[in-house]
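Analysis of the macromolecular model
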Amino acid sequence: MCSTGIIYDVSMSNYHCLWDPDYTEKPARFTRVLERCQSLGLIQRCVDLKPRKATNAELQLGHSQNLIDILKSTSNETNVEKLKELSTRYDCVYFHPNIYELACLAAGCAIELTDQVISGRLRNGFGILRPPGHHAMFDDFCGYCYFNNVVLAARHSLNSGVKRILIVDWDVHHGQGTQRAFYDDPRVVYFSIHRFEYGTFWPELPESDFDHIGEGPGTGFNVNVPLNRDKNTDTDYMSVVLEVLLPLAMEFEPELVLVSAGFDPAFGCPEGEQNVSPAAFAHMMHLCNSFAGGKSVAFMEGGYFMTSHAEGAALTLKTLLGDPCPKLPEDFTTPCPEIRDAILNIKTTLRPFWKCFQKEDYDVKYVARTIWKGRTEPVPTVFDPMCPTPPRPKEFEQVFEDQLEQWISSTELRKSKIKLGFSSFDGRFVDHMWSLAHAMSVFKNGQINEILKAIKDDEIQSGLAVLPLGTFENLNPLACQDFKRVISININDHFSHVEDYSLKSDALVFSFQPTNQKPSYEYTKSTLKFQFHSIGDDKIDAHLFHALYRLILPLSYEFGPDLVVIRIVQENHWLTPKCHGMLAYLMSILAQGRILVLLQGQPEIKTLEYTAESLIDWQPPKQSINAVSENASNYEVVESARQEACSQWKCINWH
Ligand SMILES: [Zn+2]
């Protein structure tokens, strides 16, 4: 099993604005993250990589020699007035005598870390990098950024043979530098969620809106999610991720995911002014990790309220290390109207390029419209070298600190010593699992309640059991008395009916079965049963996945389970082994990773392996599933069920 890499250099705190002591881009952005990650014991669990500077040739992968030379010329410049004067030529940039060296270091670290991940020496990685990079352009410094770390890492990866890269940019500002670098390149999907407010928010560019989807061969590969109001919540962010990013990225099948991890959408940030909780970053990272077999690298970008910035970064790293996502602190509910509009606009605009959006049931006559309230005069050529965000009064800041303290102290940071509890009626499966050298506890055949108890007591993170066919009655004790709210997913691949079983706890049950008739669904307050059309060896991966992001995940978030149980009857192998692994991985985002997977019958050995890897190594299968199918009627039943369920479930009640 390979590990999580960390890269940083303590010298990255060695620069600040020499003429504005209140500048929000300050050394504490680096030191506070490092301190928080250390205090949670996270750095110690990572492979500590040796930092290095980017070479000139590497910088040229994303920047003009002219720009590189300008920055080089500021090296050791002691005349502050000269540095200040140079700063007025760039939008929101200050120069410091150390900045050339440190920008080279951040860029070199980004490349080094990414190289370790693409070569397979590391599973994933986190770069605590300062200066940030995503605003830096080919021939322009911008927005506290000098060299574009993520662009250089992506170019290096493409040159090393990586074919498709997904860049997720959740920094609250639009990373126009990254967008421009790959605007016509179909090998890179750039996906950014950012504050826009109809063009009135920095950087006030029309190109940050949803209608800028790439050009030439790259058309359809640039995805902008404009936030047209402030105070967006976890629900708003996660709705975008589930509705847009998840289906699109699964269809794209990246080989590498790079994350521009800015923590300025985090609650309290004076630049972001959003209400995203630190825990939500763990959830976004978990999902980003599902797209390329877990090959993901996150780089620190912005973040200007130190408490939420440091906590968001630490929880992102914790997720990369394979710890379960903490519970989101607020209820999952209806996304705000501006988010619903943005999602609809994006899907409508990208519909011709992505099959996933062609399968959804929404008004095809909907016309996406852009609204521009931003500047009409030309972009200035001289800029104010002082900090663009004025300092806030202490009392004002304290309100944010108090709320954050409450969130942080009530967030359960779960970590069990042993990742998986395993039991099997067939000893060969136990032998095979040991041969994978996985850290697990083996339980006697059928000791489901013992596994559940161990999950409850945090002795094991999750459970996996192989049971003989026809032992549903064994599962009745699945009373899960200790768990109050249970999500149950039943997949039964033979044509008999799924036996109902009752849980003593509050349960939300999703059932899937094949049929050779027309597909159908049945909806009640606490159950959703689907019959998907399938003949012969048809696999239903695409339809299960469609149900996952359209219904199961949003409803489950709103339901707020403290346990997830997946039961799969294996006879005709209706799902591919990779789809089993992906299902386990995606559902383990809930209930703080308390998940039990029951396989009945004789599972394929690959099914066992992929599921175990998802639960133990946090490594979902690569090139995971056939994300799109041609069976329109199966898509239709999921869409119809969503329509019926929307009156009861706030998360999908968009009317
Ligand atoms: Zn930012």
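Residues numbered from 1 in each chain as written. Predicted model: local features only at pLDDT ≥ 70, side-chain atom pairs only at ≥ 80, totals over all residues. Heavy atoms only, no water.

1. Remarks on the coordination of the zinc ion
Protein coordination of the zinc ion is provided by Asp171 (OD), Asp171 (OD), His173 (ND1) and Asp264 (OD), with donor distances spanning 1.9 to 2.7 Å. The coordination sphere of the zinc ion comprises four donor atoms, whose angles at the metal cover 53 to 159 degrees; the geometry is irregular. Between consecutive donor residues of the zinc ion, the sequence gaps follow D-x1-H-x90-D. Of the two residues, aspartate 171 and histidine 173, neither departs from the other in class, the shared state being buried. (Donors = N, O, S within 2.8 Å, 3.2 Å for Na, K, Ca; no water. Tetrahedral: all angles 85-135°; square planar, octahedral: opposite > 155°, others 65-115°. Buried < 20%, exposed > 50% of the residue type's maximum accessible area, 1.4 Å probe, protein only.)

2. Brief notes about the packing of aromatic side chains
Scanning the model with the defined rule gives 27 aromatic pairs in all. Ring centres 6.1 Å apart and planes at 55 degrees place the aromatic pair phenylalanine 141 and tyrosine 146 in the tilted group. You'll find phenylalanine 141 and tyrosine 146 in the same group, each marked buried. Between tryptophan 170 and phenylalanine 263 the ring centres are 6.4 Å apart and the planes differ by 65 degrees, which places this aromatic pair in the edge-to-face class. Here the residue tryptophan 170 occupies a position in the loop between strand S4 (165-169) and helix H7 (176-181), and phenylalanine 263 occupies one in the loop between strand S7 (256-261) and helix H9 (278-288), the gap between them amounting to 93 residues. Judged by its relative accessible area of 0%, phenylalanine 263 is buried. Taken together, Tyr15, Tyr23, Tyr94, Tyr144 and Tyr304 form an aromatic cluster joined through their ring pairs. Over the face of the ring belonging to tryptophan 654 we find arginine 642, whose NZ or CZ atom lies 5.5 Å from the ring centre. (Phe/Tyr/Trp six-rings, centres within 6.5 Å; stacked < 30°, edge-to-face > 60°. Helix = DSSP H or I, 4+ residues; strand = E, 2+ residues; numbered from the N terminus. Lys NZ or Arg CZ within 6 Å of the ring centre and 35° of its normal.)

3. What about the packing of helix H16 (residues 541-559) against helix H19 (residues 632-645)?
Two elements in contact, H16 and H19, have axes separated by 10 Å at closest approach and are oriented at 20 degrees. Looking at the two axes, H16 sits roughly parallel to H19. In this structure, H16 crosses over H19, and the sense of that crossing is right-handed. Between H16, through Ala542, His543, His546, Ala547, Arg550 and Leu551, and H19, the contact on the second element is made entirely by Asn634, Tyr635, Val638, Glu639, Ala641 and Arg642. (Axes fitted to C-alpha atoms, helices over the stretch in contact; angles between N-to-C directions. Parallel < 35°, antiparallel > 145°, perpendicular 65-115°, else oblique. Left-handed = near helix turned anticlockwise from the far one by under 90°. Contact = heavy atoms within 4.5 Å.)

4. Observations regarding unusual backbone geometry
The omega angle of the peptide bond from arginine 130 to proline 131 is 5 degrees, so this bond is cis rather than trans. Here proline 131 is to be found in the loop between strand S3 (122-127) and helix H6 (149-159). Along the chain, tryptophan 202 connects to proline 203 via a cis peptide bond; the corresponding omega equals 5 degrees. Tracing the chain through its elements places proline 203 in the loop between strand S5 (188-195) and strand S6 (222-227).

5. Points about the pairing of strand S9 (residues 418-424)
Most of S9 sits inside the fold, with six of its seven residues counted as buried. Across six bridges, the pairing between S9 and strand S11 (residues 460-467) is parallel. Residue pairing in the sheet places serine 423 in a bridge with alanine 465 of S11. In this sheet, strand S10 (residues 440-442) lies alongside S9 in parallel orientation, the contact comprising three bridges. By the bridge assignment for S10, leucine 420 is matched with methionine 440. (Pairing = 2+ DSSP bridges.)

6. Here we look at the sheet that holds S10
Pairing is mixed in the open sheet, where nine strands are placed in the order S10-S9-S11-S17-S16-S12-S13-S15-S14. The sheet is open, and its two borders are formed by S10 and strand S14 (520-523), each paired with just one other strand. For this sheet the average axis-to-axis angle between neighbouring strands, irrespective of direction, equals 15 degrees. Sheet topology places strand S12 (residues 485-492) next to strand S13 (residues 506-515); seven bridges connect them, and they run parallel. Among the inter-strand pairings, serine 488 is bridged to a residue of S13, identified as valine 509. Together, S12, S13 and strand S15 (527-533) form the strand contacts of H16, whose direction differs from that of S13 by roughly 170 degrees. On top of the sheet, helix H17 (residues 577-587) reaches S12, strand S16 (563-570) and strand S17 (595-601); it is set at about 170 degrees to S16, its chief contact.

7. Things to note about the pattern of salt bridges
Within this structure, the stated rule accounts for 31 salt bridges. Close ionic contact of arginine 195 with glutamate 197 constitutes a salt bridge, the shortest N to O distance being 2.6 Å. Like arginine 195, the residue glutamate 197 is buried in the burial classification. Residues participating in the shared-partner salt-bridge network are Glu243, Lys347, Glu360, Arg550, Glu639 and Arg642. (Salt bridge = Lys/Arg side-chain N within 4 Å of Asp/Glu carboxyl O.)

8. Some details on the sheet that holds strand S2 (residues 47-48)
With parallel pairing, the eight strands of this open sheet are ordered in space as S2-S1-S3-S8-S7-S4-S5-S6. Taken across any chain shown, the strands that pair with only one partner, and hence form the sheet edges, are S2 and S6. Both strand S1 (residues 3-7) and S2 contribute to a ladder of two bridges, which runs parallel. Bridge pairing links isoleucine 6 to aspartate 48 in S2. Here helix H5 (residues 99-118) sits on the sheet and contacts S1, S3, S7 and strand S8 (296-300); the angle it forms with S3, its principal contact strand, is near 165 degrees.

By themselves these figures say nothing about function.
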